[in-house]
Every structure is written in C-alpha cells, then in structure tokens.
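Below, each chain spelled out in residue letters.
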Amino acid sequence: MRDPARAADLLDWYDRHARDLPWRVGPRARAAGIRPDPYRVWLSEIMLQQTTVPAVKPYFEAFTTRWPTVSDLAAAEDADVMAAWAGLGYYARARNLLKCARVVAAEHGGVFPQSLEGLLSLPGVGPYTAGAVAAIAFDIPATVVDGNVERVMARLHDEHTPLPQAKPILTEMAAALTPEERPGCYAQAVMDLGATICSPRNPACGLCPWRSACAAWEAGTMAELPKKAPKKRKPTRLGIAYLVRRVDGAWLLERRPDKGLLGGMLGWPGSEWGEAPEEAPPIAAEWKALNTEARHTFTHFHLRLTVKTALVPMDRPPERGEFVEAEDFDPKDLPTVMRKAYDLARSV
C-alpha cells in the first residue's frame, strides 16, 4: 500500500532543497512544463553507477557538449568514446553505453522507449537504470533504489537485515512509498535525501523531513544502518607493464580486448595479472625496471604493476601493439592504472 502523505512531505522538502545538477530539470522548471531529456537522464545514470556526483560532472558536461544527442553518441568512434571515458572507471559501462545508443538510434529512431519494459530491453540497462529513466524522464511510478535509497529505507524502518540480503526487503519498502503523482521528482528527492541529509556518517537528522516517522531515529540506531555483511578480503594480483618509447617520441600502446577488465581501453602492453606473472615484452629491447610499483585497487582485487621502460630505434618492429606518435598521445586517454604507470615512468 502506498503512503502518499509521507511522499508529500519529502516532495515539499525537495521543492525547497533540490540539488542543482547538470543533468537535472529542477522542481520549478518541471512545474513550468520543462521535461527532462531522456538521453541526459540515461547518460547520467550510467555514469553515476559506482561513482560520485563530483567525479561525474565534468565527464557528463564533456560528453553532452561533444555528443549532445543519443544519435550523435551512436555515430561516434568507439576509440573516441573510450578515450573520453578514461578515468571514470568500470569500463564495461562505456562499451554498453555505445551499444545502447546505437540500438536507440537504429531501432527506435533516436527516441528512448517510454515504458519500463522497453527500457529494460536496451543493452546495459538493468532494473535500476530502467526505473530511474522511466521515473525521471517519463514520470512513470517506477521504484528507484540505489545505495542512498537503501540507506534511507533501512533507517526509516530500522531494518537490520544486512546487505546484500536486505535488497529485496528495502526495495519493497521503497515501492510502498513511491507515489503516483510526481514520481520523477520523488525518485530524485529520496536520492537527494540520502546524499545530503541521511548520509553514511553523521546524518543530519534535525533537518530530515522524515525524522518524526524514522524508526531508527526513535531507536537511536541510525549510525548502525544499513547493516552490511562482512567484506571478503581482496586478493592482490601482480603484473608487468612495458612502457616503450621510440627515439622520435612515439609510445607503444595496445588496445585491450573488448571483454574483460579495462575492455576496449588503450593501454601499455603487459603480462597477465596473477600471483606470478610471466615476462611478456612486446618488443625486443633493453628493459629497465623502476624501483617502485604502480598500484591500483579494482572492485575485487588489488593490483601491483612492475613498470619496465625502454627506448628503441626507429626501425625496431613491435611484436604486438602499435606506436602512437607523440603529438597524438594524450595520457588522459588512458585508464587510471595505466596513467599511474606513465606518471611513474615520466618521473624518473
């Protein structure tokens, strides 16, 4: 059963305190009849997965400046999009971004489907993203549950089942509060509440529009929630990165396979990553190992890369990869771990 009174309290708060975000149509503009662009909503939601708002803002603005419509993005070169995404992480999102844009352009005439089912049929669009686009762009009363919403629901109901087991419970709680009226504004309001008031640490309960209804506030358990199952210890993998420069300044790079970690991204040739990586130099050269490692943490493991450098003559052919001329090379096009290796090599 829906609870329109509680949703109305939150919407009143949102009308006064909504965050100003580059992909958002605020409550005043929305009330004036301005509708959100589904492309911008979808793009922002894909970018925001596993990432923070401050990190996403410059990428979103760069993408929408360069590719202002979904059809523009669909027509882009894969390499250009992957380079523009570099540093944002979780690179499978960028590959799925292109797949989805091309399906929307080719099969839907550049118009996003206006139903939850239609959105779920798109590549790389799961229940959360479909719900967010449906609610925010099309005012469909879809339930939208991200980490912020999970935290709000767990505290509101004083729910102590640990995540991830609690996900279906918290989703059901969120669904009961999703209103038929202004569901798009409500979806953004509850996310804003979690991001600005019901924060992970030191929630500002005195400013919360739901404080009087919050079971965790009544019980004094806000800081304990949401409960989370103990994290497994991340393993450490080792690898070797080979940074080769030709005497004319060109760098030897290779594009990683589309599938797998950093799929489709440009990077340094290297070994497999594991417990005992084997040497896999991409070109015959006199290699010098740096006395420091490039270290990076992925979702499921820590990586430590031995960085080896070499300078080769013009006529030395690589066994794999291609030389990129100095004027065409931009380290910002590299994923973060590869940029760390570059920074180490340039500092010696």
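Keep in mind that this is a model prediction, so the values were computed, not measured. (Residues numbered from 1 in each chain as written. Predicted model: local features only at pLDDT ≥ 70, side-chain atom pairs only at ≥ 80, totals over all residues. Heavy atoms only, no water.)

**Student:** Even after reading the chapter, I still don't get the packing of helix 1 (residues 4-17) against helix 12 (residues 183-196), so can you show me in this structure?
**Tutor:** The description of two packed helices rests on the angle between their axes and on the distance between the axes. Following both chains from N to C, one finds helix 1 and helix 12 inclined at 75 degrees, their axes separated by 9 Å at the closest point. What the angle tells us is that helix 1 and helix 12 run roughly perpendicular. Taken together, the residues of helix 12 that come into contact with helix 1 (itself represented by Ala 7, Leu 10, Leu 11, Trp 13 and Tyr 14) are Cys 185, Tyr 186, Gln 188, Ala 189, Val 190, Asp 192, Leu 193 and Thr 196. Along the lines of polarity and charge, the residues of the contact of helix 1 with helix 12 split into ten nonpolar, two polar and one charged. (Axes fitted to C-alpha atoms, helices over the stretch in contact; angles between N-to-C directions. Helix = DSSP H or I, 4+ residues; strand = E, 2+ residues; numbered from the N terminus. Parallel < 35°, antiparallel > 145°, perpendicular 65-115°, else oblique. Contact = heavy atoms within 4.5 Å. Nonpolar A, V, L, I, M, F, W, Y, C, P; charged D, E, K, R; others polar.)

**Student:** Explain the layout of surface pockets here, please?
**Tutor:** It is the rolling of a water-molecule-sized probe over the atoms that shows where space remains empty. Considering only enclosed or pocket space, the largest pocket measures out at about 2000 Å³ in volume. Surrounding the largest pocket, 49 residues form its lining, Gln 50, Gly 147, Glu 150, Lys 167 and Lys 228 being those nearest its centre. When residues of the lining of the largest pocket are traced back to their parent elements, those giving at least two are helix 3 (38-48), helix 4 (53-66), helix 9 (127-138), helix 10 (147-156), helix 11 (167-177) and helix 12. Broken down by class, the residue content of the lining of the largest pocket amounts to 22 nonpolar, twelve polar and 15 charged. (1 Å grid on protein atoms, 1.4 Å probe; cavity = no way out; pocket = protein on both sides within 12 Å on 5 of 7 lines; lining within 4 Å. Points joined across faces, edges and corners; volume = space filled by probe spheres on them.)

**Student:** What is the right way to look at the packing of helix 3 against helix 7 (residues 92-107) in this model?
**Tutor:** Interhelical geometry of helix 3 versus helix 7 gives an angle of 160 degrees and a closest axis separation of 10 Å. With respect to helix 7, the axis of helix 3 lies roughly antiparallel. For the pair helix 3 and helix 7, the crossing hand works out as right-handed. Judged by residue contacts, Trp 42, Leu 43, Ile 46, Met 47 and Leu 48 of helix 3 engage Arg 93, Leu 97, Cys 100 and Ala 101 from helix 7. A class-by-class count of the residues in the contact of helix 3 with helix 7 yields eight nonpolar, no polar and one charged. (Left-handed = near helix turned anticlockwise from the far one by under 90°.)

**Student:** When you look at the nonpolar core in this model, what are you seeing that I'm missing?
**Tutor:** As a rule of thumb, nonpolar side chains are buried together in soluble globular proteins. Trp 42, Met 153, Trp 210 and Trp 268 are the most contacted members of the largest nonpolar core, which has 102 residues in total. The greatest single-element share of this core, amounting to eight residues, is contributed by helix 9. Once you skip the residues sitting within four places of it in the chain, Trp 42 turns out to touch Val 70, Leu 73, Leu 97, Cys 100, Ala 101, Phe 112, Val 125, Thr 129 and Val 133. (Core = buried A, V, L, I, M, F, W, Y, C linked by side-chain atoms within 4.5 Å. Buried < 20%, exposed > 50% of the residue type's maximum accessible area, 1.4 Å probe, protein only.)

**Student:** Is there a simple way to explain the packing of aromatic side chains in this structure?
**Tutor:** For any pair of aromatic rings, the description consists of the separation of the ring centres together with the inter-plane angle of the planes. Tallying each qualifying case throughout the model produces 15 aromatic pairs. Judged by centre distance (5.3 Å) and plane angle (75 degrees), the rings of Trp 23 and Phe 60 are edge-to-face. With a gap of 37 residues between them, Trp 23 in the loop between helix 1 and helix 2 (27-31) and Phe 60 in helix 4 connect regions that are remote in the sequence. With a relative accessible area of 0%, Phe 60 lands in the buried category. Aromatic pair Tyr 242 and Trp 287: ring centres 5.0 Å apart, planes at 70 degrees, arrangement edge-to-face. In this pair, Tyr 242 is assigned in strand 1 (residues 236-246) and Trp 287 in the loop between strand 3 (266-267) and strand 4 (288-297), connecting sequence segments 45 residues apart. The class for Tyr 242 is buried, based on a relative accessible area of 0%. A connected cluster of aromatic rings, assembled from ring pairs, spans Trp 251, Trp 268, Phe 329 and Tyr 342. One cation-aromatic arrangement involves Arg 246 over Phe 323; the distance from NZ or CZ to the ring centre is 4.7 Å. (Phe/Tyr/Trp six-rings, centres within 6.5 Å; stacked < 30°, edge-to-face > 60°. Lys NZ or Arg CZ within 6 Å of the ring centre and 35° of its normal.)

**Student:** I tried to follow the environment of Ala 75 on my own but got confused; where do I start?
**Tutor:** Summarising the element assignment, Ala 75 is placed in the loop between helix 5 (70-74) and helix 6 (78-85). For Ala 75, a relative accessible area of 63% puts it in the exposed group. Placed 202 residues apart in sequence, Ala 75 and Pro 277 show a C-alpha to C-alpha distance of 39 Å.

**Student:** Please explain empty space enclosed by the protein as it appears in this structure.
**Tutor:** Within the structure shown, the criterion is met by two cavities of 30 Å³ or more. There is about 140 Å³ of room inside the largest cavity. Lining of the largest cavity is provided by 15 residues; of these, Arg 155, Cys 198, Cys 205, Cys 208 and Cys 214 occupy positions nearest its centre. The element that contributes the greatest number of residues to the lining of the largest cavity is helix 10, accounting for three residues. Looking at the second largest cavity, its volume works out to about 50 Å³. Only helix 10 and helix 12 provide two or more residues apiece to the lining of the second largest cavity. At four residues, the largest contribution of residues to the lining of the second largest cavity is made by helix 12.

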